[in-house]
Amino acid sequence: EHMKRLVVLSGAGISAESGLKTFRDEDGLWEGYNVYDVATPEAWSRNPHMVQEFYNLRRKAVLEAQPNAAHVNLAKLQQWFDVHIITQNIDDLHERAGSKQVMHLHGEILKSRSTRDASLIYDVPGWELRMGDCCALGAQLRPHIVWFGEAVPLIEEASRLVETADIFVVVGTSLAVYPAAGLLDYASPHCE
């Protein structure tokens, strides 16, 4: 029998249960940093050292965190459904829980990418990415994160995926952040 396609949109709430703080916790601060000082292209041009340091600490926290029951149960659903997870989260907890098809809308903290050619993406060894760490072209590496004010390259692919869903589930997100919130509009009228 044909497996129904279950598309899950997951957000920060699911990782908060694993102890990973989000910038919506209090006053737009993320672990004491103003989000606009660390999560925008302007912040990177102004103070790349601070941005690297901030994401190094986030990366360390992700490596120390463990998937929680929500991540594990979503992975278990693969026994009965063709599960695709579209996540706004930058951690790898879905993957570590065993989910096989995960799309990261906002990037992946455990990866870096070239500041010259966005298609050059690397795994970060350990938790530290340093100034002076360069891509194959000799350009500085930055966190592989979609910052505020940057386009979300995977949004069209995600929209097409949502259109094919038999069942669409939203977990751990208030749907306040666009363009991810707009994905709801792509669910088929027949979708559960």
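Parameters and conventions
- Residues numbered from 1 in each chain as written.
- Predicted model: local features only at pLDDT ≥ 70, side-chain atom pairs only at ≥ 80, totals over all residues.
- Heavy atoms only, no water.
- Helix = DSSP H or I, 4+ residues; strand = E, 2+ residues; numbered from the N terminus.
- Rg over C-alpha atoms; globule rule 2.2 N^0.38 Å.
- Buried < 20%, exposed > 50% of the residue type's maximum accessible area, 1.4 Å probe, protein only.
- Contact = heavy atoms within 4.5 Å.
- Areas by Shrake-Rupley, 256 points an atom, 1.4 Å probe, with all protein chains shown as cover.
- Lys, Arg positive; Asp, Glu negative; His and termini not counted.
- Charge placed at Lys NZ, Arg CZ, Asp CG, Glu CD.
- Phe/Tyr/Trp six-rings, centres within 6.5 Å; stacked < 30°, edge-to-face > 60°.
- Lys NZ or Arg CZ within 6 Å of the ring centre and 35° of its normal.
- Salt bridge = Lys/Arg side-chain N within 4 Å of Asp/Glu carboxyl O.
- Pairing = 2+ DSSP bridges.
- Axes fitted to C-alpha atoms, helices over the stretch in contact; angles between N-to-C directions.
- Polar contact = N/O pair within 3.5 Å; in protein donor to acceptor, adjacent residues only side chain to side chain.
- Core = buried A, V, L, I, M, F, W, Y, C linked by side-chain atoms within 4.5 Å.

Q: Where do I start with the overall build of the protein in this structure?
A: Looking only at helices and strands, one finds seven helices and nine strands in the protein. In terms of overall dimensions, the protein is globule-like: its C-alpha atoms have a radius of gyration of 17 Å, near the 16 Å expected for 192 residues. With respect to the three principal axes, the spread of C-alpha positions in the protein is 55 × 30 × 30 Å. Put simply, the protein has 192 residues, and 45% of those count as buried. Considering only contacts in the protein between residues 6 or more positions apart, those separated by 24 or more positions represent 66%. A total accessible area of about 9,900 Å² is found for the protein, and carbon and sulfur atoms account for 53% of it. Side chains of the protein give 17 positive and 26 negative charges; the mean places of these two sets differ by 4 Å.

Q: Looking at this structure, I do not really get the packing of aromatic side chains. What am I missing?
A: The geometry of an aromatic ring pair is captured by two quantities: the separation of the ring centres and the angle between the planes. Using the criterion set out here, one finds five aromatic pairs in the structure. Between W44 and W147, the ring centres sit 5.8 Å apart and the planes meet at 35 degrees, which makes this aromatic pair tilted. Taken together, the residues W44 in helix α3 (residues 41-46) and W147 in the loop between β8 (141-145) and α7 (155-163) connect sequence positions 103 residues apart. Ring plane angle 85 degrees and centroid distance 5.0 Å describe the contact between F54 and Y55, whose orientation is recorded as edge-to-face. Comparing F54 with Y55 shows no difference in burial state: the two are buried. An aromatic cluster is built from Y33, W44, F54, Y55 and W147, whose rings are joined through pairwise contacts. Against the face of W127 rests K60, its NZ or CZ located 5.5 Å from the ring centre.

Q: What is the right way to look at the pattern of salt bridges in this model?
A: It is possible for side chains bearing opposite charge to pair when their charged atoms get close. Per the counting criterion, the structure on display carries seven salt bridges. Between D82 and R5 there is a salt bridge, with its nearest N and O atoms 2.9 Å apart. Note that D82 is positioned in strand β4 (residues 82-87) and R5 in strand β1 (residues 5-10), a separation of 77 residues in sequence. Of the charged contacts in the structure, one is a salt bridge between E128 and R130, with a shortest N-O distance of 3.0 Å.

Q: Whenever I open this one, the sheet that holds β1 confuses me. Can you help?
A: What links the strands of a sheet is backbone hydrogen bonding, and the strands pair in either a parallel or an antiparallel sense. Ordered by their spatial adjacency, four strands build an open sheet running β5-β4-β1-β9, and the pairing between neighbours is parallel. Both outer strands of the open sheet, β5 (102-104) and β9 (167-171), are each paired with one neighbouring strand and no more. Each strand axis lies, on average, 15 degrees off the axis of its neighbour in the sheet, ignoring direction. Here α7 sits on the sheet in contact with β1, β4, β5 and β9, set at roughly 145 degrees to β4.

Q: Would you take a moment to explain the environment of S15 for this structure?
A: Checked against the element boundaries, S15 lands in helix α1 (residues 12-16). Between the C-alpha atoms of S15 and H71, which are 56 residues apart in sequence, the distance is 8.5 Å. Setting aside chain neighbours within four positions, we find S15 in contact with L20, H71, N89, D91 and L93. A polar atom in the side chain of S15 sits 2.5 Å from the side chain of D91.

Q: Help me out: how do you make sense of the nonpolar core in this one?
A: What tends to happen in soluble globular proteins is that the nonpolar side chains get buried as a cluster. Formed by 19 residues in total, the largest nonpolar core has its most connected members in Y55, I109 and W147. Of all the secondary-structure elements, those providing two or more residues to this core are α2 (35-38), α3, α4 (48-64) and β6 (107-114). Sort the elements by how many residues they give to this core and α4 lands first, with four residues. Once residues lying within four places of it in the same chain are set aside, the contact partners of Y55 are W30, V38, A39, I90, I109, P143, I145 and W147.

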